[in-house]
Amino acid sequence: MAEQLPVERFAETFSTSIELSSAALGGSIVSVSDEFFAEAYHLLLVGYPAPSLKGQFGPKGALFSGWETRRHNPTHDWCVCIIKLGTSGSIFGFDVDTAYFNGNEAPQVSVDALYSPDDATPQVDDSRWSEILAKVDLGPDSRHLFKISPTQAANYVKLNMYPDGGIARFRVYGIVSPVFPADISTSFDLAHVFSGGRVVFTSDQHFGVGSNLILPGRGVGKDMGDGWETKRSRERGHKDWAILRLGDAGYLSQVEIDTAHFKGNFPESCELHAVRSNEIIPKDIADDQWALILPRTKLGPHRQHYFQLENVDTAPFTHVKITIHPDGGIKRVRVIGRRAVESSGMAVNERASSSDPINTATISQSRGLQDPSSQISSRSAGPIIPALPLTAEAFAPFGQVVQAYSDIHAVPSPRTTRITGANQGTAIKFHKLALLESSYPTASGATAGLSVYRCQPIDVRPGGVWEVKLLERHPCTNQAFVPMGGGLGAGDALVDPGRTYLVIVAHNGEDDKPSLKTMRAFVASAGQGIMYNTGTWHHPMAVLDKAMDFACVETQVGNGDELDCEIVSLESDGSSYYGVRVPDA
């Protein structure tokens, strides 16, 4: 039995659900009996409200943003539209909106659903159709909310209109049937909508809704409209936040925060916390019970940021809270980890409840609770950290990234980075992306200069683990490495130079040795140079695919003095060292 709800109850009823029919998830119209006046694809478009096209006419009459059929259908007394959902899931509600259809609105609708395991498009008379919303009345120019008992998993719905007319938008709400990797040791995006992730709370979503954070893709080529954006704050110390419920409890490892299209309105910085809770919205958990997994970190405009997470090695989490300072917009959040599974084969996070009726993917049996420390190579006895794409924001605690940017409005620190035209208009100059430093004693005889390193590739396969056996630092100078490219065989230049290299860094510890818990690894491209801060522990240059030449800018004595370079072996006890997982490709 369906329950019609007032629009005022939308938030309390559907705010933690997923719009399964949304075009943003891949929802599409696969069959329609009639769309003479307005095409049915409008039903699934993103955004509220449907726009008014009042006063605009086409060759068939007045224009409407919605689905509108002919009048006086002579063959039958109803029209039908078959919709493929963006992903399969349990359905428990609808929003049927007749915005701006007044006098030509559809008087009544009903809804059928089915699950097609082979994804073959069903026909109108398919025997598998089951009615999930009996015929209900609609009114002109208004939203109509209907709540039903949760269904079994479905991936197609059939919207029946009686007898004809127009509907502006049709939303199908429910919970995703998540798709998980068959191998429980595989890392994937636990927050993704197709993994069963949900955005269950936002402090503010004035310009863009929080549920956009977990949508597929980046929306590149569109705009910031399918991101989460808060209103401008006017108070010192303001912050906004969103809470993501993961598709399953998991051990987390890294996060991607994408600010695509947000240029003058990206957050200044963000931080992440995580918690384990059986509640959909963990309302009663004190702030100090949320584990800090990413300290407050600066963000940049219009780019993907990749960060390794902290304090995630010993316990699984079910919820992640992203806090932005002071306000602004984010396009996507990807929380990478692997599922935590008990020996029974059931997920740690008990999903089955009357308020959460979904079908989960079958998972394989495992022994005991999976622990991240088990993810080690046969030769390494220490933790393995991921090598993430190099960005200026993630590398900032250790040094600077030296590169050009295709969009001058998307440089790091856009308020302070100076950009000018150069060379009579044939170049763009990004000024002073890194400054030279030297603190050598005057009597040391140190001088600044350029050196060249020709580096051969290290012995590690794509997807393999590189063993970090030593780190070095330069206590009196910073040091830059800039890829030089190739010369197509001219002179002694490399004919076919490499394209990527590893950057491995760590902070200094209290014992004046590398603090291995702060170790981070990055993959840099041949279009990126790096400047290590003075005293930053780092691995020697490590090229991944083919030989590369680097120009090195540094100050040095040049006689092997410890003022130039200190080296620390990380395997002095012969048993323990860190590993870096390089990307698959």
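Since this is a predicted model, take the numbers as computed values, not measurements.

Undergrad: Looking at this structure, I do not really get the overall build of the protein. What am I missing?
TA: Assigned secondary structure in the protein consists of two helices and 39 strands. By principal-axis analysis of the C-alpha atoms, the protein measures approximately 95 × 65 × 55 Å. Looking at the protein as a whole, 51% of its 585 residues are labelled buried. In the protein, the share of contacts with a sequence separation of at least 24, taken over all contacts with a separation of at least 6, comes to 80%. Per element, the accessible surface of the protein, about 27600 Å² overall, is 50% carbon and sulfur. Within the protein, the 66 negative side-chain charges are centred at a point lying 3 Å from the centre of the 51 positive side-chain charges.

Undergrad: Would you mind showing me how to read the pairing of strand β39 (residues 578-581) here?
TA: Across three bridges, strand β24 (residues 384-389) lies against β39 in parallel orientation. Its bridge partner being in β39, Pro386 is matched across the sheet by Arg581. Direction of pairing for strand β29 (residues 465-468) relative to β39: antiparallel, over a ladder of four bridges. Its bridge partner lying in β39, Val468 is registered against Tyr578.

Undergrad: Honestly, the environment of Val411 in this entry has me stumped. Any pointers?
TA: Checked against the element boundaries, Val411 lands in the loop between β25 (399-402) and β26 (419-422). Along the chain, Val411 and Tyr173 lie 238 residues apart, while their C-alpha atoms are 39 Å from each other. Once residues lying within four places of it in the same chain are set aside, the contact partners of Val411 are Pro301, Arg303, Tyr405, Thr417, Ile419 and Phe430.

Undergrad: Mind showing me how you'd approach the state of the cysteines here?
TA: Per the counting criterion, the structure on display carries zero disulfides. Between Cys552, a free cysteine, and Cys455, which holds the nearest cysteine sulfur, the sulfur-to-sulfur gap is 9.7 Å. We classify Cys552 as buried; its relative accessible area is 0%.

Undergrad: Is there a simple way to explain the confidence of the model for the protein in this structure?
TA: Low-pLDDT portions of the prediction should not be read for the details of their coordinates. Here the protein shows a mean pLDDT of 89. Residues at 70 or above account for 91%. Counting interchain partners and residues more than four positions distant, the pLDDT-below-50 stretch residues 343-380 has 86 contacts.

Undergrad: Would you mind going over the pattern of salt bridges with me for this structure?
TA: When the charged atoms of two side chains with opposite charge come close together, those side chains can pair. Overall, the coordinates contain 24 salt bridges when judged by the stated rule. With a closest N to O distance of 3.7 Å, Asp189 and Arg334 form a salt bridge. Taken together, the positions of Asp189 in strand β14 (residues 188-189) and Arg334 in strand β23 (residues 332-339) put the pair 145 residues apart, joining distant regions of the chain. Among the salt bridges present, the one from Asp226 reaches Lys331, with a minimum N-O distance of 3.1 Å.

Undergrad: I keep staring at the packing of aromatic side chains and nothing clicks. Help me out?
TA: Given two aromatic rings, their pairing is described by the distance between the two centres and the angle made by the two planes. In the structure shown here, the tally under the stated rule is 17 aromatic pairs. An angle of 20 degrees between the planes, with centres 4.9 Å apart, marks the rings of Phe14 and Tyr173 as stacked. On the criterion of sequence distance, the pair formed by Phe14 in helix α1 (residues 10-14) and Tyr173 in strand β13 (residues 169-176) is long-range, its members being 159 residues apart. Each member of the pair, Phe14 together with Tyr173, is buried. Taking the centre distance of 4.9 Å and the plane angle of 80 degrees together, the rings of Tyr501 and Phe550 count as edge-to-face. Residue Tyr501 is located in strand β32 (residues 500-506), and its partner Phe550 is located in strand β37 (residues 548-556); the two are separated by 49 residues in the primary sequence. Each member of the pair, Tyr501 as well as Phe550, carries the same accessibility label: buried. In this structure an aromatic cluster arises from ring pairing among Phe395, Phe398, Tyr453, Phe481, Tyr501, Phe522, Tyr532 and Phe550.

Undergrad: Explanation requested: the layout of surface pockets in the structure shown.
TA: Rolled over the atoms, a probe as big as a water molecule pinpoints where empty space is left. For the second largest pocket, the calculated volume is near 800 Å³. Lining the second largest pocket are 32 residues, and of these Phe10, Gln205, Val209, Gly210 and Ser211 lie nearest its centre. Going through the elements one at a time, α1, β2 (18-19), β13 and β15 (198-202) are the ones with two or more residues in the lining of the second largest pocket. Taken together, the residues of the lining of the second largest pocket sort by class into 18 nonpolar, eleven polar and three charged.

Rules behind the numbers
- Residues numbered from 1 in each chain as written.
- Predicted model: local features only at pLDDT ≥ 70, side-chain atom pairs only at ≥ 80, totals over all residues.
- Heavy atoms only, no water.
- Helix = DSSP H or I, 4+ residues; strand = E, 2+ residues; numbered from the N terminus.
- Buried < 20%, exposed > 50% of the residue type's maximum accessible area, 1.4 Å probe, protein only.
- Contact = heavy atoms within 4.5 Å.
- Areas by Shrake-Rupley, 256 points an atom, 1.4 Å probe, with all protein chains shown as cover.
- Lys, Arg positive; Asp, Glu negative; His and termini not counted.
- Charge placed at Lys NZ, Arg CZ, Asp CG, Glu CD.
- Pairing = 2+ DSSP bridges.
- Disulfide = S-S within 2.5 Å.
- pLDDT = per-residue confidence, 0-100.
- Salt bridge = Lys/Arg side-chain N within 4 Å of Asp/Glu carboxyl O.
- Phe/Tyr/Trp six-rings, centres within 6.5 Å; stacked < 30°, edge-to-face > 60°.
- 1 Å grid on protein atoms, 1.4 Å probe; cavity = no way out; pocket = protein on both sides within 12 Å on 5 of 7 lines; lining within 4 Å.
- Points joined across faces, edges and corners; volume = space filled by probe spheres on them.
- Nonpolar A, V, L, I, M, F, W, Y, C, P; charged D, E, K, R; others polar.

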